[in-house]
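Single-letter residue listing:
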Amino acid sequence: METTLLPKSKKCVGPPSKFERLVQPCIAEMVGTAFFVFIGCKSVIENTEATGRFQPALVLTTREKYAQATGAAFTVLQSEDHLGAAIFGEAAMTCLVTLVVLMGAVNRKSKSPLVPFLVGGAIVICVLAGGDVSGTCLNPARALGPAVITNYWAHHWVYWAGPTGGSLVAAAVVRLLLGDEKTRVILK
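## A word on the packing of helix α4 (residues 83-106) against helix α7 (residues 158-178)
So, point 1. Orientation of α4 relative to α7, taken along the N-to-C sense of each, is 40 degrees, at an axis distance of 7 Å. Classed by the angle they form, the pair α4 and α7 counts as oblique. Regarding α4 and α7, the two cross each other, and that crossing is right-handed. Taken together, the residues of α7 that come into contact with α4 (itself represented by Leu83, Ala86, Ile87, Glu90, Ala91, Thr94, Cys95, Thr98, Leu99, Leu102 and Met103) are Val158, Tyr159, Gly162, Pro163, Gly166, Ser167, Val169, Ala170, Ala171, Val173, Val174 and Leu178.

## Regarding the packing of α4 against helix α5 (residues 115-130)
So, point 1. Contact geometry of α4 with α5 gives a least axis separation of 10 Å together with a crossing angle of 170 degrees. Compared by their axis directions, α4 and α5 come out roughly antiparallel. Contacts between α4 and α5 involve Met93, Leu96, Val97, Val100, Val101, Gly104 and Ala105 on the former and, on the latter, Val115, Leu118, Val119, Ala122, Ile123, Cys126 and Gly130.
So, point 2. Class assignment for the residues of the contact of α4 with α5 results in twelve nonpolar, two polar and no charged.

## Details of helix α6 (residues 140-150)
So, point 1. Within the sequence span of α6, burial applies to Pro140, Ala143 and Ala147. In a view along the axis of α6, the buried residues occupy a sector of 70 degrees, so they form one face of it. Opposite its buried face, α6 presents the exposed residues Ala141, Val148 and Ile149, each directed more than 90 degrees away.
So, point 2. Two or three places before alanine 141, at the start of α6, stands the capping residue asparagine 139, its side-chain oxygen 3.0 Å from that residue's backbone nitrogen.
So, point 3. Backbone geometry just downstream of α6 places asparagine 151 in the positive-phi region, at approximately 55 degrees.

## Some details on α7
So, point 1. For α7, built from 21 residues, the straight-helix expectation of 30 Å at 1.5 Å per residue is met to within 8% by its first-to-last C-alpha distance of 28 Å.
So, point 2. Within α7 the residues assigned to the buried category are Val158, Tyr159, Gly162, Pro163, Gly166, Ala170, Val173, Val174 and Leu178. Down the axis of α7, the buried set is contained in an arc of 115 degrees. They therefore lie on one face.

## Description of the nonpolar core
So, point 1. The biggest cluster of nonpolar side chains holds 19 residues, and the ones touching the most others in it are Val31, Phe35, Cys95, Val97, Leu99, Cys126 and Leu138.
So, point 2. Breaking this core down by element, the ones donating at least two residues are α1 (18-45), α4, α5 and α7.
So, point 3. Looking at this core element by element, the count peaks at seven residues for α4.
So, point 4. Residues contacting phenylalanine 35, with those up to four places away along its chain left out, are Ala92, Cys95, Leu96 and Leu99.

## A look at the environment of valine 97
So, point 1. Within the secondary structure, valine 97 sits in helix α4.
So, point 2. Separated by 25 residues in the primary sequence, valine 97 and alanine 122 have C-alpha atoms spaced 5.9 Å apart.
So, point 3. With sequence-adjacent residues up to four places away left out, valine 97 is seen in contact with Val119, Ala122, Ile123, Cys126 and Leu138.

## Structural notes on the side chain of glutamate 90
So, point 1. You can see glutamate 90 is positioned in helix α4.
So, point 2. Of the residues examined, glutamate 90 reaches a relative accessible area of 0% and is grouped as buried.
So, point 3. In terms of polar contacts, glutamate 90 uses its side chain to reach the backbone amide nitrogen of leucine 138, at 2.9 Å.
So, point 4. Excluding anything up to four places from it in sequence, glutamate 90 contacts Ser134, Thr136, Cys137, Leu138, Tyr159, Gly162 and Pro163.

Criteria and cut-off values
- Residues numbered from 1 in each chain as written.
- Predicted model: local features only at pLDDT ≥ 70, side-chain atom pairs only at ≥ 80, totals over all residues.
- Heavy atoms only, no water.
- Axes fitted to C-alpha atoms, helices over the stretch in contact; angles between N-to-C directions.
- Helix = DSSP H or I, 4+ residues; strand = E, 2+ residues; numbered from the N terminus.
- Parallel < 35°, antiparallel > 145°, perpendicular 65-115°, else oblique.
- Left-handed = near helix turned anticlockwise from the far one by under 90°.
- Contact = heavy atoms within 4.5 Å.
- Nonpolar A, V, L, I, M, F, W, Y, C, P; charged D, E, K, R; others polar.
- Buried < 20%, exposed > 50% of the residue type's maximum accessible area, 1.4 Å probe, protein only.
- Arc of directions from axis to C-beta.
- Polar contact = N/O pair within 3.5 Å; in protein donor to acceptor, adjacent residues only side chain to side chain.
- Expected span 1.5 Å × (residues − 1).
- Core = buried A, V, L, I, M, F, W, Y, C linked by side-chain atoms within 4.5 Å.

Spelled out as structure tokens, the structure:
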């Protein structure tokens, strides 16, 4: 009886390179620690009621409050003062989710059948930590729908620039540093 979830590879793979043994684990630890510190500290520092984290709970609220619920992004990001934090938050959270997808589903050495669970967990963590910063859109389509329905376009570009930048950073990290030998373009 087989004890692993992954199929056995018939192809013989050589020993890992010096980069994969020494440098990649350090970079992965640094990236993981940076996200842990960002998410952990952010989730403790701010906690406002206007984040709309649990939108399904609006079913049990008054009509007036339900009518005012236009999406967390619109109630959180109201002034120019928060733009920098919102762009950074969107970029960092999108980068985290994209890294989970790329390392779990694309990277040959770290593929896992648990990727759907891991991506869902990453999204839950980002929503809980970043709701106060920007409303945690993580995807331009998530911001576009409510903006079209409510015709509210102030600071809408933040929800395109942040996720696009975050996903590009994640792709660069995987292609340059964390990917396997097939994925990396340098240090093979």
